[in-house]
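Residue-level structural notes
Here is how the chains run, residue by residue.
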Amino acid sequence: MYCRWFHLSALLLLFLPAIVFSQEAPISEATQECLDCHGVFHPGIVADWRASRHAVITPAAALKADDLSRKVSSQTIPQALQTVAVGCAECHGLRSDKHADTVDHNGTDIHVVVSPDDCRTCHAVEADQYSRNIMAHAVGNLADNALYNQLENAILADRSLEKGQLKTAPVDADTRAEACYYCHGTVLKVSGTVIRDTDAGELEFPVIEGWPNQGVGRINTDGSKGACSACHTRHEFSMAVARKPHTCQECHVGPDVPAYKVYTSSKHGNIYTSKKADWDFKTVPWTVGRDFTAPTCATCHISQVVTEDGQTISQRTHEMKDRLAWRIFGLIYAHPQPKSPVTSTIRNADGLPLPTDFKGGLAKADLIGPDIQAQHTQTMQATCKACHATGWVEGHWRRYTNTIERTNRAIGTITELMTEGWRRGYAQGLDQGGNPFDEHSERLWSDAWLFYANTVRFASAMAGGGDYGVFADGRYQLSRTMADLHKWLAQRRMLETVNGKNP
Amino acid sequence: MYCRWFHLSALLLLFLPAIVFSQEAPISEATQECLDCHGVFHPGIVADWRASRHAVITPAAALKADDLSRKVSSQTIPQALQTVAVGCAECHGLRSDKHADTVDHNGTDIHVVVSPDDCRTCHAVEADQYSRNIMAHAVGNLADNALYNQLENAILADRSLEKGQLKTAPVDADTRAEACYYCHGTVLKVSGTVIRDTDAGELEFPVIEGWPNQGVGRINTDGSKGACSACHTRHEFSMAVARKPHTCQECHVGPDVPAYKVYTSSKHGNIYTSKKADWDFKTVPWTVGRDFTAPTCATCHISQVVTEDGQTISQRTHEMKDRLAWRIFGLIYAHPQPKSPVTSTIRNADGLPLPTDFKGGLAKADLIGPDIQAQHTQTMQATCKACHATGWVEGHWRRYTNTIERTNRAIGTITELMTEGWRRGYAQGLDQGGNPFDEHSERLWSDAWLFYANTVRFASAMAGGGDYGVFADGRYQLSRTMADLHKWLAQRRMLETVNGKNP
Amino acid sequence: MYCRWFHLSALLLLFLPAIVFSQEAPISEATQECLDCHGVFHPGIVADWRASRHAVITPAAALKADDLSRKVSSQTIPQALQTVAVGCAECHGLRSDKHADTVDHNGTDIHVVVSPDDCRTCHAVEADQYSRNIMAHAVGNLADNALYNQLENAILADRSLEKGQLKTAPVDADTRAEACYYCHGTVLKVSGTVIRDTDAGELEFPVIEGWPNQGVGRINTDGSKGACSACHTRHEFSMAVARKPHTCQECHVGPDVPAYKVYTSSKHGNIYTSKKADWDFKTVPWTVGRDFTAPTCATCHISQVVTEDGQTISQRTHEMKDRLAWRIFGLIYAHPQPKSPVTSTIRNADGLPLPTDFKGGLAKADLIGPDIQAQHTQTMQATCKACHATGWVEGHWRRYTNTIERTNRAIGTITELMTEGWRRGYAQGLDQGGNPFDEHSERLWSDAWLFYANTVRFASAMAGGGDYGVFADGRYQLSRTMADLHKWLAQRRMLETVNGKNP
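Quick look at the relation of the copies chain B and chain A now. Under the fitted operation, chain B is carried onto chain A by 0.0 Å of movement along the axis and a turn of 120 degrees, and the coordinates agree to an RMSD of 0.0 Å. As the rotation angle and translation indicate, the two copies are arranged about a three-fold axis. Interface overlap between copies is the fraction of interface residues in one copy that are interface residues in the other; for chain B against chain A it is only 6%, indicating separate surfaces.

Here's what the structure looks like:
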C-alpha cells in the first residue's frame, strides 16, 4: 500500500502543471434540455461551451476566489443562477423581457443575442468599464458623424455611369453591415418572426436586421451597446483567446490600423510567436515572467498583470483609454485621447466633428489635457518597466513623442497642399460642396494620414520599427505621397495657366 | 506484482491520448535497399516518410478500417502491395512502363515523378474526384486560353527599349515555370538522360523539363494531371498538414486570391490560430467539436466532417466545386461555377474564352444553373450549421450574395469606362489589336477585378470582414480605381479636344 | 523497494523526451545581489534569464561538451568566470574599463550595453565570424555611403511648404534611430549621467544617445559593432528563438526584403508552420530529419546541420555570405556578393559607391568572382541535398539564375527610361544636381528595383513561387512600373513638343 500511494503522489506532482483543474458544476434542467437538441444540431458550439469555464464552475464557487484571481466582479448574483453552471438557458433566457428578440422556444423564453447587459449579471465591473470604452460607442461615433459618413459614402456607395458622369446611389444596408460596421457593430432590430421547419419540428424564430454581427459597438436588442463576443469568442468565451493577438487582428490588421502586422514584426511579437507554446494564457491574475515573458496586445492594453510575489503591475481595465495618452489612428492628425467615448459631439475650431482642425489645432475642450496624458502614459509604462530599465523606457517614449510630432508635421504639409487644391477648385472639398474623400488627389491625401502616418506611428509606438516604419506603408510612402500631391498641384496650376481650368 | 500492474495501467490511462498509435508494417526488400542509401544521402525525406502513415501500416491493414475512417478508397489493391509498407520502391517503382522518366537505378526501374495515377492504386476515389476538379486542369485552362495568354504575356514577357518603344520578346520557359505555372503546374517532359557521379558511383538519371514542380495541374510523365504533393506534402503525405490553412496559403495568399489573409483575420482564423495546439488534425473522420472547433480551409471545402455520434455532416470531396455555387476570383465578374473543369473551351456571347462577356452577361451554356448552385450552397451550409443557427447562416449568405451582385455592378461600371477608353483609342484593347492588359489604364481595370473586387468577395464569403472588406485591397481601393479610371477618361477626352490625340 | 524503483525508472523512460535537462550552476555573489533587486523590479527579464542556458550551466561545464554540441567556442575562458552561472554581473560587469557607459551601481562597475566583444569572452568564433558579416557593418555601410544618404533623406527628411516649394530640413536623430537605423543599428554615445530616484534609492545612470537599440550593426559603447541580442533575444539568448523565422521577420518582412513573407508561403514555410510543434529547436548540433524536416532561415544561412549519424552537412557560420553567391536586394541590380563586409568603399565605373553602374556593369574589383560564387552555391546546396535529389536542386538553381538575369534585364530597361528622363531634364537626378530618389518618376524607378525585382528574386530563391513571383509585389507590378515609366517619358516628350518644358 505504501508503494501505491507513494507512486500516485509522485505522479500527481509530475503531472500537476498539465492537469486542467476541472470542477464540477450542476447543469440546470433548462440548459440540459437545450443541450439535448443542440448537442446534436450544433455540436461545435456545444463543445466550445463544454470546454469553457462557464460549464465547469458555478457562480457561487467563482465568487469565492480571492480578489486577484476572481473573474466574477459583480458583488451579488441572483440566487437562482449561483448554483448551476452558466449554460445555454442561463444566458439566452436572462432578462427575456428586455430583449426584443425573445421568442417562445419549446416553452421557454429565449433570446438569440446575448448582450453586455446580460453578461453584466456576473461581470458588472467589466461591463461598466466597457460602457465607457470608446469601442462601445463605435456605431454612433461613425453613424452620427456627418464627415465620417462622407468617407463611408466615398468608399461604399454604388456608382454607375450616367452621361459620362459617376452617379452615386445610397449605400445598401448589407454592404454597410459587411464593411465598416462589421467591426464597429450593426444595429440589431427585430423586424418580425419566421416559422422554420427544423429537425425538431416547426419553430418560431425572430428575424433580426443586422444579424449576424459581433462588432465592438453593436446595438443589441435590449438597447445595450457592444458585443463581448467580439473578443471573448463564443461559446468558450475564453480569456486565453482574448489575450492572444489574433483576436485583435480581426479588426486591426491594417493598413488603417496595422497594429497586428507591426506587432508580429516587433521583438515582442517574435518572442510571443516563438515561445507562446510554453506560456500560460489561462491563469488569473497573469504573472509576468512566469506565465509569459513578452506582452501581447492585451497585456499592455487590458490585462491585470502581477509579479510572481503578487504585486500588481497593471489593473485590469476594459476602458482602454486608461493606458493611452494619444489617439494615433483614424484621423487626420494624432491627438490626445478624447475625454468622452462619444466622439460624434466633438467640434473643432471650424465646427466640424473632428478632434483637430485641418491645420492640426486641437479641439481642446473635448480632449484630455497634458496632465491626464501623463497619467495614462505612466499607467502604460508600468508594464514596460516590468522588463525594461527606465532609461530604455524613456528613450522609447521620447522617440514615440517625436514621431507623433513629426508625422503630424508631415500631414500638416500634405493637408496644406490639399487645401490649396480645394481653394483653387482643382478638387471639390467641403467648402466647394463636394465630398472631400472621393477624388484622386483627395485619396492621396487620405492615404497619407489614414495609412502611412498611422503605420509610422504604430511602428514607433510598438517598437515594430524597421519595415513598417519605412518601406511597408511607412515613411517611404508618406514622403512619396507628399511629392505626388505637390506635383499634382503644380501641374494643375500650370495647366490652368496654359489652358484655363481642366480636369 | 499487484502494485506494478496497478501503476502501469494507471500510467497507460493517463498517457493514452499522448501515445502515437504506431503499427508495424514490414518493409519490402526493394524499399529497404532504397532506404539504405537514401537514408544517408537524403535523411530529411526519409525521416518524413518514416513519420508517415505509409511507413507504419500495410494496405491490407488499411483496407480493414471501417468505412468512415478508411483512407484507402480503392476496392482492390494488387496483392503484392498489400502486405508491405508503402515505401520508396512501392511508389517510385509503380507502373514503370507508363512513366517516361523511368530509368534503371541500381537494377530497379524507378521513376522520379510519382503521379495521381500512381496514387490511384490505393486512393481511387480521390484520384477520380480530383480528375474532375478544376485544379487538375490548371495547365490547359491557362495555356489553352488565348486571352489568359495575353495576360501572362503582359506580366511576364521580356521587354527592351528599341527606338523609344517597348519591344516584347517571348516569355522563357524558366520564368513561366516559376511564375504562373508554379501553382498551375508545369508540363514535365523527359528530354534525355544524364550520368552523374554520385556518392554511390556513376548513375543515370532522366533529364526532366519543367522539373521540379508541385503545381496542382502538373502534367506528369505518365500523362496524368495534378500533383497530390501540392497539398499532401512529401514524403509524409500528411493529411494533418493538408488540413491546415498554410497548405492553401502556398498559392492563395493574394492579392489575386487573398483567401489565406482573409481567413487569418476572420473569427474562424482567430480560433484556429489561438486554439490549434489543442486540436487533433490527424483523426479520420474529422469530428467537429471534438477534433476541432472552427473550420480551416479544408473543413469547408474538402474534408469529411462528422458529429461525435458519427453522423456525417459533409462527405469528403476532392472535386471542390461540389460545395461552391460561385467562382469569385480570377475573372472579370463573379459567376456561377463552370460545368466542366476544362474552362478553356468556354465561350461568351462575343466568342471569347470567358465565362461572362465584358458587360457581365453569363456564358450560360457553360455554367451551372441556379438549381445546381442552390444544391452546392446547401452542401456548404451543412458545415456552417454545425455551429451556427439557420438565421445566422441565412444572414451571412444574403450578404454574400449581395456582395457578389454589388461588386459585379462596380466592375460593370469600371469596365464600361475601360471599354469607352478602348473605343476612343486611348488604349489599345482587343478590338484595337492590342493586349488588353498591358497599359496603365488597363492595369487600373485589371486591378479592380483581379485584386479589389476579389478581395471584397473573399472578405464577404469567409466573414473576414473589416479590413479586407474595406481598406486592405477592398472597397477603398475599388472605389478609388473607379474614380481614377473615370478621371483618366475625362482627361484624355479633354486633351483630345485641346491637342488632338496624344499619349 | 523493488516496486518503487521499477516504477521510477519506468517513469523516467516515459518522460525522458519531455524533461528539460537542467543543470545546476552556482550563482556568483555579485549576480545574486543583482537578482535580489531586479527580480522584483524587472521580473520579466530575470525570468527570461532563469530560463536561459546561461543560468544553468557554468562555462567550465559548457567547455566539456563534445565538439559538435559545444556552444562555447573560445579556447580559454577567464578562470573567475568558469565556475559560476553566466549571470547579470558576469556580462554587465565584464570589461568595465572598455565601456563608456560604465557607472558605479551600488558599489559595482556596471555597463548597460553588453556588446559582441563582451560575448566574445566565451563565443570567440561567432564574434569573429560576425565581425566579418556584412550586418556588423550596417551602420557605416549606410552612413558612409553618400548615395544611400540621399535615399534616406528622400524618405525621412522633414518637409514644409515655402512659397509653394517643398523645403527640406535635415533628418532628426530620433527619426533616424527609429527608421533605417532601427535595423541597421544606432551609434551609442554616452552624453552624461543622470541621477534617478528609484525604488532602491537615488542611483546614477549613464545617458546614452541612440538607446535603446538592437540593430545588427549597432556601434557599442566599447566601440565594437553589432548586437547579438538582435537575434539572440534578451535575456534568454535562446538559440531556439534565433532558429525560428520570426527573428528574421523583425527586419526582413518587406516589401524591400520580403524574405519572411515569401518563406511563409513556400512549401518549406508551410511545413515549418504546420509541424513546428513537433520539432526540436534546442538541440546542438541540429539534426535534419530528427529535429526538423524543413529548413527555417537559420538552417540555410547560419546553422550547423548534421545527419543522424553525425555527418556534418553545413558548418555553423555567423558570416552569412559563406553560403551566398548573389546579393539580390537593396540595390539597383542583383550582383555577386561584395568581397568585403564594408561596402561604402565600393566604387562602380562611374565612381559611385555602388556594386554596379546604372547599366548593370559590375564593380568587379569589389565583388566576388564566379569561382567563389560557385563555392558559396555549393555550400548552400549541401543543405538542399539533404532532402532533394541533384536534379531537383539543379532545376531550382537554373531557374534562380535565370530570374536574376531576367530581373536585371527588366531593371536595365527601366533604368534606361529613367536615365533618359534625367538626361532630358524631366526629373532631377545626380547629373542634374538633384536627389535621384525624391520625385514621382524616380519613385517608380526605385519601386521597381527596391521592391518588385527583389520580391521576384526572393520568390525564386526560396521557391515561394506563385503569388510573390507574380501578383504580390512581383512581376505584375514590375511590368506595370515599366509601362508607367515609359508612358511618363512619352507624355513628357509630347508635352515638351506642344508646350515647351513643364512639370
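Residues and elements named next belong to chain A. Read from one edge of the open sheet, three strands run β7-β8-β9, paired in mixed fashion. Looking at the sheet topology across the chains shown, the edges are occupied by β7 (286-287) and β9 (312-314). Bridge count for strand β8 (residues 305-306) against β9 is two bridges, and the pairing is antiparallel. Each bridged residue has a counterpart across the sheet, and for valine 306 the counterpart in β9 is threonine 312.

We now examine the domain arrangement of chain A. All names here are of chain A. Taken domain by domain, chain A holds domain 1 (1-92) and domain 2 (113-237). Tallying the contact residues gives 17 residues for domain 1 and 15 residues for domain 2. Both sides of the domain 1 and domain 2 interface together cover about 1300 Å² of buried area, and 59% of this is carbon and sulfur. Across the contact surface, domain 1 and domain 2 share zero salt bridges. Here domain 1 and domain 2 share ten residue pairs in polar contact (both at pLDDT 80 or more) between them.

At the interface, 65 residues of chain B touch 68 residues of chain A. Surface buried jointly by chain B and chain A totals about 5900 Å² across both partners, of which 56% is contributed by carbon and sulfur atoms. Where chain B packs against chain A, one counts nine salt bridges. Here chain B is connected to chain A by 36 residue pairs in polar contact (both at pLDDT 80 or more). Elements supplying a minimum of two residues to the side of chain B that touches chain A: α1 (2-15), α17 (267-275), α20 (390-423), α22 (465-469) and α23 (475-499) of chain B. In terms of residue count, the dominant contributor to the side of chain B that touches chain A is α20 of chain B (16 residues). The class makeup of the residues in the side of chain B that touches chain A is 25 nonpolar, 26 polar and 14 charged.

What follows deals with the interface of chain A and chain C. Across the boundary between the two partners, chain A contributes 65 residues, which contact 68 residues of chain C. Carbon and sulfur atoms supply 56% of the area that chain A and chain C bury against each other, a total of about 5900 Å² over both sides. Along the contact surface separating chain A from chain C lie nine salt bridges. Of the charged contacts in the structure, one is a salt bridge between arginine 406 of chain A and aspartate 158 of chain C, with a shortest N-O distance of 3.5 Å. If one sorts the elements of the side of chain A that touches chain C by residue count, helix α20 (residues 390-423) of chain A sits on top with 16 residues. Considering only residue class, the side of chain A that touches chain C consists of 25 nonpolar, 26 polar and 14 charged.

Once that is clear, we can look at the side chain of glutamine 304 of chain B. Inspection of the secondary structure assignment puts glutamine 304 of chain B in the loop between α18 (297-301) and β8 (305-306). Of the polar contacts made by the side chain of glutamine 304 of chain B, one reaches the backbone oxygen of leucine 68 of chain B; its length is 2.7 Å.

The rules behind the values
Within every chain, residues take consecutive numbers counted from 1 along the sequence as written. Note on labels: chains are lettered from A, ligands numbered from 1, in written order. Only residues with pLDDT of at least 70 are given local features in this predicted model, and only at 80 or more are side-chain atom pairs given and counted; all residues enter the totals for whole chains, interfaces and linings. By convention in this description, side-chain values take in all heavy atoms of the structure and omit both hydrogens and water. The copies are overlaid by a least-squares fit using only the C-alpha atoms of residues whose pLDDT is at least 70 in both copies. Only heavy atoms matter for contacts: two residues are in contact if any of them lie within 4.5 Å across the pair. One requirement defines pairing of two strands: DSSP has to find at least two bridges between them. Each helix is a run of DSSP H or I of at least 4 residues and each strand a run of E of at least 2, with the numbering of both proceeding from the N terminus. Just so you know, the domain bounds were taken from an automatic or database domain assignment. Here the buried area means the combined drop in accessible surface, using a 1.4 Å probe, for two parts upon being joined, counting both sides. Salt bridge, as used here, is a side-chain nitrogen of Lys or Arg placed within 4 Å of a carboxyl oxygen of Asp or Glu. For this analysis, a polar contact is any N or O atom pair within 3.5 Å, provided that within protein one partner can donate a hydrogen and the other can accept it, and provided that sequence-adjacent residues contribute only side-chain to side-chain pairs. Gly is placed with the polar residues, together with every amino acid not listed as nonpolar (Ala, Val, Leu, Ile, Met, Phe, Trp, Tyr, Cys and Pro) or charged (Asp, Glu, Lys and Arg).

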